Amino acid sequence: MRTVVLGVPDWPGHRAGQHLDVRLTAEDGYSAEREYSIATAPGEAVAITVERLDDGEVSPYLTEELRHGDELELRGPIGGYFVWDPEDESPLLLVAGGSGIVPLRAMLRHRRRSGSNVPVRLLYSSRTLEDVIYRAELDEPADGIEVAYTLTREQPPGWSGYARRVDAELLADIAWPADDGALAFVCGPTSFVETVANGLVELGYPPNRVKTERFGATGR
Amino acid sequence: MEALDGNAIGGLLLDVFGAEMTTAEGVCAECGTTGPVAQLVVYLEAPGTVARCRGCSAILMVMVEVRGITCVDLRGLAELERTS
C-alpha cells in the first residue's frame, strides 16, 4: 500500500469522492489504464493510495517503481455522483470495504477542513488490522465522528471491535435510523457494496440516499 | 467477470461526451428504469465496455475502441439527459 502525492500542473480542483485515471504506456505502445480515488480533500495536494496487486499491470509500478520526479499520464478529476459537499447537512454514514476507504477519507478530510459539523458514522471492514488504511488518522479523536471497525479474517488479542462480515444486524447497529434522513456513501468490492446497499434499503433508507461505488480486482 | 458500476466509466464518458456524465439521468428503453449513469451495471472487459440497466439487465451502452476511435452504441437508452 502506498500513498502517492501528485503535482498536477493546471489541476482544476476536485471534489471529495472523485477519482482520476492513470495510464501507463510501454515502449511498444501497449497501454493500461486504472482508476484511483483521490485520497485528499479539495484544496489539498492531489494524492492517490494504491494497493499493490500481484498480477496488476499498473499497481506494481505505482507502488514500487515510481520515483519522485517521474511523470504520469492522468485524466481527471472524474465523477460527480459519488461526491460529498458540506452544503448537504444530513448526517453522514460512510461504509468502506478494504481500499473503499480512500474516497471516504477524502470526505472526512473535507469535512474537517471546511468546518462542517455534520455527524458522521464510519463503518470500515478490513480483513486484518494490518489491512486498515489511514488507521492513525481515523483513530484521532474528532468531534462528531464515530468509527467502527470490523475485521473479517483475523483479530488481534483483546479486539473489541466487530469480527465478521458486514450483515444486516451489524448495519442496524451502526447506521443512523432511517428517520434521521442520513446520506450514505458505500465503497468497496462489488459484493460488499451490494450487501450494504441492499441492507440499508431494507432498514428504510431511500435508494437515492445510498450512493455507491464498486471496484473490482482490476480496479483500484 | 465482475460487474462494476457507472462510476468506473466516468473517464471514458468524459472523453466521449466532453462532459461529466455519471450524474446524467438515463432511461432504459426496455423497462423504463430511470437513474444516474453512475448506477448502471458496468462490465469493463466484455470485450469493449458494456453498461446494463440495473432494473432489467438490458444493454444500454456499448463502447468499443478500435484503432484509437471509440465507437459508441446507445440504442438501449430511451433518453440520456445531463442534469447539471
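Counting from 1, residues in each chain are numbered in the order their sequence is written. Naming scheme: in the order in which they are written, chains are lettered from A and ligands are numbered from 1. The predicted nature of this model means local features are confined to residues of pLDDT at least 70 and side-chain atom pairs, given and counted, to a pLDDT of 80 or more, with totals for whole chains, interfaces and linings taken over all residues. Neither water nor hydrogens contribute to the side-chain values; these are computed over all heavy atoms in the structure.

## Focus: helix α2 (residues 101-113) of chain A
Residue and element names in this part refer to chain A.
So, point 1. Numbering of helices and strands runs from the N terminus; a helix is a DSSP stretch of H or I covering at least four residues, while a strand is a stretch of E covering at least two. Under the convention used throughout, the expected extent of a helix is 1.5 Å for every residue step, that is, one less than its residue count. If you check α2, its first and last C-alpha atoms are 18 Å apart, about what 13 residues at 1.5 Å a residue would give, namely 18 Å.
So, point 2. Counting buried positions along α2 gives eleven out of 13 residues, so the element sits mostly inside the fold.
So, point 3. Among the residues making up α2, those that are buried are I101, V102, P103, L104, R105, A106, M107, L108, R109, H110 and R111.
So, point 4. Of the residues trailing α2, G115 is marked for its positive phi of about 75°. Note on classification: 1.4 Å probe, protein chains only; a residue is buried when its accessible area is under 20% of the maximum for its type, exposed when over 50%, partly exposed between these limits.

## Regarding the sheet that holds strand β3 (residues 31-37) of chain A
So, point 1. Strand pairing requires that DSSP identify at least two bridges connecting the strands. Taken in spatial order, the three strands of this open sheet run β3-β2-β5 (chain A), and their pairing is antiparallel. On the outer flanks of this sheet lie β3 and β5 (73-78) of chain A, each paired with one strand and no other. Here the average twist between neighbouring strands, direction ignored, is 20°.
So, point 2. Here strand β2 (residues 19-25) of chain A runs beside β5(A); their pairing, made up of four bridges, is antiparallel. Opposite R23(A), over in β5(A), you have E73(A) as the bridge partner.
So, point 3. Contacts from helix α1 (residues 10-17) of chain B reach β2 and β5 of chain A within the one sheet, and its direction differs from that of β5(A) by about 90°. Axis geometry follows a simple rule: fit a line to the C-alpha atoms, using only the stretch in contact for helices, then measure angles between N-to-C directions, giving values from 0 to 180 degrees. It only takes one pair of heavy atoms within 4.5 Å for two residues to be counted as in contact.

## Considering the confidence of the model for chain B
So, point 1. Overall, the predicted model of chain B reaches an average pLDDT of 94, with 99% of residues at or above 70.
So, point 2. For this predicted complex, the interface confidence reaches an ipTM of 0.93, while the overall pTM sits at 0.95. pLDDT: the predictor's confidence for each residue, scored from 0 to 100.

## A look at helix α5 (residues 190-202) of chain A
So, point 1. With 13 residues, α5(A) should cover 18 Å at 1.5 Å per step; its first-to-last C-alpha distance of 18 Å lies within 8% of that length.
So, point 2. Three or more residues of α5(A) are buried, namely T190(A), F192(A), V193(A), V196(A), A197(A), G199(A) and L200(A).
So, point 3. Those residues of α5(A) that are buried lie in contact with β6 (92-97), β7 (120-126), α4 (168-174), β9 (183-189) and β10 (210-215) of chain A together with β1 (4-5) of chain B.
So, point 4. Positive phi appears at G204(A), one or two residues downstream of α5(A), with a value of about 110°.

## Digging into the sheet that holds β6(A)
Residue and element names in this part refer to chain A.
So, point 1. One open sheet accounts for five strands, arranged β8-β7-β6-β9-β10; its pairing is parallel. For this open sheet the edge positions go to β8 (145-151) and β10, each flanked by a neighbour on one side alone. Across the sheet, the mean angle separating the axes of adjacent strands is 10° when strand polarity is ignored.
So, point 2. Where β9 and β10 come together, six bridges link them in parallel fashion. Along β10, the bridge assignment pairs C187 with E213.

## Points about the side chain of T212(A)
So, point 1. Locating T212(A) in the fold gives a position in strand β10.
So, point 2. If sequence neighbours within four positions are ignored, T212(A) has contacts with Y81(A), F82(A), V186(A), V193(A), A197(A), D5(B), N7(B) and Q39(B).

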